[in-house]
Amino acid sequence: MTEAVTLERVSHSYARGRERRRTHRRVLNDIELAVPEGSLFGLLGPNGAGKTTAIKIISTLLLPTAGSVRVLGRDVTRSPGDVRRDIGLVLGGDRGLYDRLSGHDNLRYFAELYGLGGRAGARRIDEVLEIVEMADHRHTRVERYSRGMRQRLHIARGILHRPRLLLLDEPSIGVDPVGARRLRALVREVNQGGTTVVLTTHYMFEAEELVDRLAIVDHGRIVARGSVDDIRKAARVGEVLEGPAPGLTEPELDRIRTHPATEGMEIAEHGGRQRLTLRLATGDDRRVQALTELLGSLGAGPIVRRGGTLEDAYVKIVQAGPGASVKDVSGTPA
Ligand SMILES: Nc1ncnc2c1ncn2[C@@H]1O[C@H](COP(=O)(O)OP(=O)(O)OP(=O)(O)O)[C@@H](O)[C@H]1O
């Protein structure tokens, strides 16, 4: 399988201060990453982990302090211009569009920058406006667009020149659930059209629904990588029991915590109500049944039994900290 992106021992430090007082802060540390061509790849991690920095390095906006980065077979340091022609970049936030121009005129401006003028350019603009379902709003000024519409226009701009690789930094941030669902469908469609996609997100269900491979970055290091299933298995998040558990006393919670079917227990407050999540130590139905009955007798319920989610795995991995070895949590190498 050919790789669309490979990072080998990539590190990056930002400089702070001036001249003799200058210090360097390392925010990426020996990153190894391989994104297969055609895949929809997720880069996940807590705030400040280094995801945007990695996206900026892949897109040639930043030079890595150390290591080698190849994008679609080219070295980003030696051939940044060639790399740029083949990639689309959509950074989060409100930057990058001209508010006073209509969606159509924004795209015309960017099309000309890409050397896509004339009839071919006009046809391509119509095409991408259809793809992102913005044709009806083409003549409306961008300042009147909702956040979801802006994000769709950003993606339209990102795919105008038919890039082989599309980089999306938090595409659905701040977009309402209906808009976010449309965005996910759009990203999937772009990927199914043959474009490799690398996206960052804080929404685990979004990653779970969209990506076929992912890497979790924490404090500038990769702490897990593989498919969603690999990560769930490697983090050993098996099944969980979950449900409301109002007013349990400490001794009652202890009985639940020390039950042989319980591996871990979390209590969360939702709207003033306690909710219990129990990671199961075993798939043995009789033991799980006994635990469910204990919960029922203590007034907890209704209790639901479900498989561990990517979010369960992510929380476990990130809480283990960057010191935890990659091999403890990662599946097959990404
Ligand atoms: N231009 C810069 N100069 C100095 N430090 C920076 C710069 N950009 C980012 N950083 C720092 O580098 C670290 C990594 O930032 P980065 O934006 O890559 O993280 P991130 O994983 O994308 O975070 P988030 O999820 O919050 O967007 C952070 O500590 C951030 O403060």
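Everything below is about the structure shown above.
Residues numbered from 1 in each chain as written. Predicted model: local features only at pLDDT ≥ 70, side-chain atom pairs only at ≥ 80, totals over all residues. Heavy atoms only, no water.

A.B. asks: How do you make sense of the overall build of the chain when you look at a structure like this?
C.D. replies: Summing up its helical and strand segments, the chain has twelve helices and 14 strands in all. Overall, the chain is about 75 × 50 × 45 Å in size when its C-alpha atoms are taken along their principal axes. For the chain, buried positions account for 49% of its 334 residues. Nonlocal contacts in the chain, meaning residues at least 24 apart in sequence, comprise 70% of its contacts between residues at least 6 apart. (Helix = DSSP H or I, 4+ residues; strand = E, 2+ residues; numbered from the N terminus. Buried < 20%, exposed > 50% of the residue type's maximum accessible area, 1.4 Å probe, protein only. Contact = heavy atoms within 4.5 Å.)

A.B. asks: How should the sheet that holds strand β9 (residues 213–218) be read in this particular structure?
C.D. replies: By way of backbone hydrogen bonds, the strands of a sheet pair with one another, either parallel or antiparallel. In spatial order, the strands read β6-β7-β8-β3-β9-β10; together these six strands make up an open sheet with mixed pairing. Strands at the two margins of the open sheet, each flanked by one partner only, are β6 (87–90) and β10 (221–226). Between one strand axis and the next, the sheet turns through 15° on average, direction left out of account. Across five bridges, strand β7 (residues 165–169) lies against strand β8 (residues 196–200) in parallel orientation. If you follow Leu-166 over to β8, its bridge partner there is Val-197. With respect to the sheet, helix α11 (residues 310–320) is in contact with β3 (40–44), β9 and β10, its orientation differing from that of β9 by roughly 30°. (Pairing = 2+ DSSP bridges. Axes fitted to C-alpha atoms, helices over the stretch in contact; angles between N-to-C directions.)

A.B. asks: Could you clarify how one ought to interpret the pairing of strand β11 (residues 239–244) in this entry?
C.D. replies: Moving residue by residue along a regular strand, the side chains alternate between the two faces of the sheet. As defined by bridge partners, β11 adjoins strand β14 (residues 304–307) across four bridges and the pair is classed as antiparallel. Note that in β14 the partner of Val-240 across the bridge is Arg-306. The pairing of β11 with strand β13 (residues 273–280) spans five bridges and is classified as antiparallel. When the sheet's bridge partners are listed, Leu-241 is paired in β13 with Leu-278.

A.B. asks: Please clarify how the site of the ligand should be interpreted in this entry.
C.D. replies: Close to the ligand lie 13 residues, the nearest being Gly-48, Lys-51, Thr-52, Thr-53 and His-202. Within the side chain of Arg-25, a nitrogen or oxygen atom sits 3.1 Å from an oxygen atom of the ligand. Within the contact set of the ligand, an oxygen atom lies 2.8 Å away from a side-chain nitrogen or oxygen of His-202. Of all the secondary structure elements, the ones that give two or more residues to the shell around the ligand are β2 (23–36) and α1 (51–58). In terms of residue count, α1 provides more of the shell around the ligand than any other element does, three residues in total. (Near = heavy atom within 4 Å. Polar contact = N/O pair within 3.5 Å; in protein donor to acceptor, adjacent residues only side chain to side chain.)

A.B. asks: It is not clear to me how helix α6 (residues 177–192) should be interpreted in this structure. Could you clarify?
C.D. replies: Since the α-helix packs 3.6 residues into each turn, any two residues three or four apart lie on the same face. In this model α6 runs 22 Å from its N-terminal to its C-terminal C-alpha over 16 residues, within 8% of the 22 Å that 1.5 Å per residue would give. Of all the positions in α6, only Gly-179, Ala-180, Leu-183, Arg-184, Leu-186, Val-187, Val-190 and Asn-191 are classed as buried. Seen from one end, α6 has its buried residues packed into an arc of 160°, which puts them on one side. Exposed and facing more than 90 degrees away from the buried side of α6 are Pro-177, Val-178, Arg-181 and Gln-192. If you follow the buried residues of α6, they end up packed against β3, α4 (118–131), α5 (147–159), β7, β8 and α7 (204–210). (Expected span 1.5 Å × (residues − 1). Arc of directions from axis to C-beta.)

A.B. asks: Could you clarify how one ought to interpret the side chain of Thr-6 in this entry?
C.D. replies: Mapped onto the secondary structure, Thr-6 falls in strand β1 (residues 3–16). Those residues within four positions of Thr-6 in sequence are excluded, and the remaining contacts are Leu-33, Ala-34, Ser-68, Val-69 and Arg-70.

A.B. asks: Is there a simple way to think about the environment of Arg-108 in this case?
C.D. replies: Tracing the chain through its elements places Arg-108 in helix α3 (residues 103–113). Put simply, Arg-108 and Arg-182 are 74 residues apart on the chain and 24 Å apart in space, counted from C-alpha to C-alpha.

A.B. asks: Please clarify how the packing of α3 against α4 should be interpreted in this entry.
C.D. replies: Geometry of a packed helix pair, given as the angle between the helix axes and the separation of the axes. Orientation of α3 relative to α4, taken along the N-to-C sense of each, is 130°, at an axis distance of 10 Å. Judged on the interaxial angle alone, α4 and α3 are oblique. Of the two possible hands of crossing, α3 and α4 adopt the one that is right-handed. Each of His-104, Leu-107, Arg-108 and Ala-111 in α3 lies in contact with α4, whose residues at this interface are Ile-125, Val-128 and Leu-129. Residues that form the contact of α3 with α4 fall into these classes: five nonpolar, one polar and one charged. (Parallel < 35°, antiparallel > 145°, perpendicular 65-115°, else oblique. Left-handed = near helix turned anticlockwise from the far one by under 90°. Nonpolar A, V, L, I, M, F, W, Y, C, P; charged D, E, K, R; others polar.)

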